[in-house]
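Breakdown of the fold
Take a look at the letters that make up each chain.
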Amino acid sequence: MTAEVIHGLEGVPIAESGISFVDGKAGRLEYRGISIEDLAEHSTFEETAYLLLFGKLPTREEVDPFQDDLRTHRRLKYRILDLIKCLPETGHPMDALQAGIAAIGMFYPLRQKMDDVDRGLACIRLISKTPSVVAAFERLRKGDQQVSPRDDLTLAGNFLYMMTGKDPDPLKQRILDLCLILHADHTMNASTFAGRVVGSTLATPYSVTSSALGALSGPLHGGANEDVMALLDSIGSPQRAGAVIEEMIANKTKVPGFGHRVYKTMDPRAKILKKYAQQLSETSGTHHFETALVVEKVVQEHYQEKGIWPNVDFFSGIVYTELNIPRDCFTPVFAIARMAGWLAHWLEQVERNRIFRPTQKYVGPHDQPYIPIEKR
Ligand SMILES: CC(C)(COP(=O)(O)OP(=O)(O)OC[C@H]1O[C@@H](n2cnc3c(N)ncnc32)[C@H](O)[C@@H]1OP(=O)(O)O)[C@@H](O)C(=O)NCCC(=O)NCCS
């Protein structure tokens, strides 16, 4: 038994996994061995979800029924909508999503011994209903009616439709689909690990994913893109960016959207998102992208040698803002994508399961006397 505590389990492999792979030096991310660049260019979120869950790209005969199933299960039961209506409108959408997913599980009890059909159906329900919960909370908290899902749209298009009640713009629909592909999995991070720990107790996938959602809600995991947008807003224009960032660097303040525990070069997802942030900004006329370019240049002049490059959050906030997604829904959109990855890890965990039961290094006292309360 090891006596050394590895804080944060840094560098400790906790599973053998065939789902995703990161090479931080080369800036490479693969899902099931396929590069993120190829998936971003050729795939759809639905097909990528199939790849993550089942380990291979689907044939036409496989993808059509999978997509049909994903469309069929978008609706929320009226009692789930009632539950969402009862949540405080000032609450965070991530907390609403976590509560919604946990509650949905109560409507679909699973047998102790799930077979492949039970598991597959639970995955479909969770991937389909997550966007519906996010959109319903967003509408209801503003006092608007929730919008029922449409089954003629892709998952990304239908999410944009449920958020606004308007037909989604085809370019925005495609770019959101791409964002979902880019965020669908990312090896053994905190929320995925949380989900695998809960999965190892043979809890239901609804518990697994609501636990993962809790982990993702913390500011050290999801959410740096909100800080990036706050920074770009506070800078206000490309002309001011240089001075503001030089001052941050002089004060040793971390610049949000830069640096990564694994990537020591540009995050491949940031490279892809940069292109789309530019495309969307050209039509909207906002200053965010131009300001971000100056921020990137100044940070790189100082920190490139240290391996500090833009991460996925640097450009995703700009893209989501251009898609009219409210800032506190950025992390829920990440969760819509990551649901596929969490569930793939759950399937992998239960396939070769052993309950997680780490150990600890006890550093407290021994043989202490019990002192009666009146003498303490
Ligand atoms: C992502 C992050 C937590 C990675 O952390 P990490 O691997 O533990 O790296 P550290 O925080 O120990 O940083 C290592 C060095 O780089 C510097 N650094 C890291 N990120 C930096 C940033 N965004 N801006 C300026 N300096 C940074 C640190 O100050 C530290 O410098 P030092 O060696 O002189 O002390 C960190 O880069 C960060 O906080 N980034 C900003 C928040 C963010 O964008 N998060 C989203 C991640 S996807």
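This is a predicted model, so every value here is computed, not measured. (Residues numbered from 1 in each chain as written. Predicted model: local features only at pLDDT ≥ 70, side-chain atom pairs only at ≥ 80, totals over all residues. Heavy atoms only, no water.)

Here helix α5 (residues 93-107) crosses helix α16 (residues 330-351) at 35°, and the two axes come no closer than 9 Å. For the element pair α5 and α16, the recorded crossing hand is right-handed. For the pair α5 and α16, the contacting residues are P93, M94, L97 and I101 in the first and T331, P332, A335 and M339 in the second. Broken down by class, the residue content of the contact of α5 with α16 amounts to seven nonpolar, one polar and no charged. (Axes fitted to C-alpha atoms, helices over the stretch in contact; angles between N-to-C directions. Helix = DSSP H or I, 4+ residues; strand = E, 2+ residues; numbered from the N terminus. Left-handed = near helix turned anticlockwise from the far one by under 90°. Contact = heavy atoms within 4.5 Å. Nonpolar A, V, L, I, M, F, W, Y, C, P; charged D, E, K, R; others polar.)

The side chains of a regular strand alternate between both faces of the sheet. Strand direction decides the pairing type here: strand β1 (residues 20-23) and strand β2 (residues 28-31), joined by four bridges, are antiparallel. Paired with D23 across the two strands is R28, which belongs to β2. Counting the residues in the hairpin turn of β1 and β2 gives four residues, including G27, whose phi is positive at 70°. Two elements, β2 and strand β3 (residues 34-35), share two bridges in a ladder whose sense is antiparallel. (Pairing = 2+ DSSP bridges.)

What follows concerns the domain arrangement of the chain. Segmentation of the chain into domains returns domain 1 (17-23 + 33-218 + 327-351) and domain 2 (224-322). A C-alpha centroid distance of 27 Å is found between domain 1 and domain 2. Of the residues lining the interface, 21 residues belong to domain 1; the matching set on domain 2 comes to 22 residues. Summed over both sides, the interface of domain 1 with domain 2 buries roughly 1,900 Å², with 70% coming from carbon and sulfur. Here D233 ties to R327 by a salt bridge, and the two come within 2.7 Å at their closest N and O atoms. At the junction of domain 1 and domain 2, the tally comes to four residue pairs in polar contact (both at pLDDT 80 or more). Among the elements that make up the side of domain 1 that touches domain 2, the one with the highest residue count is helix α8 (residues 170-182) (seven residues). (Domains from an automatic or database assignment. Buried area = accessible area lost by both parts, 1.4 Å probe. Salt bridge = Lys/Arg side-chain N within 4 Å of Asp/Glu carboxyl O. Polar contact = N/O pair within 3.5 Å; in protein donor to acceptor, adjacent residues only side chain to side chain.)

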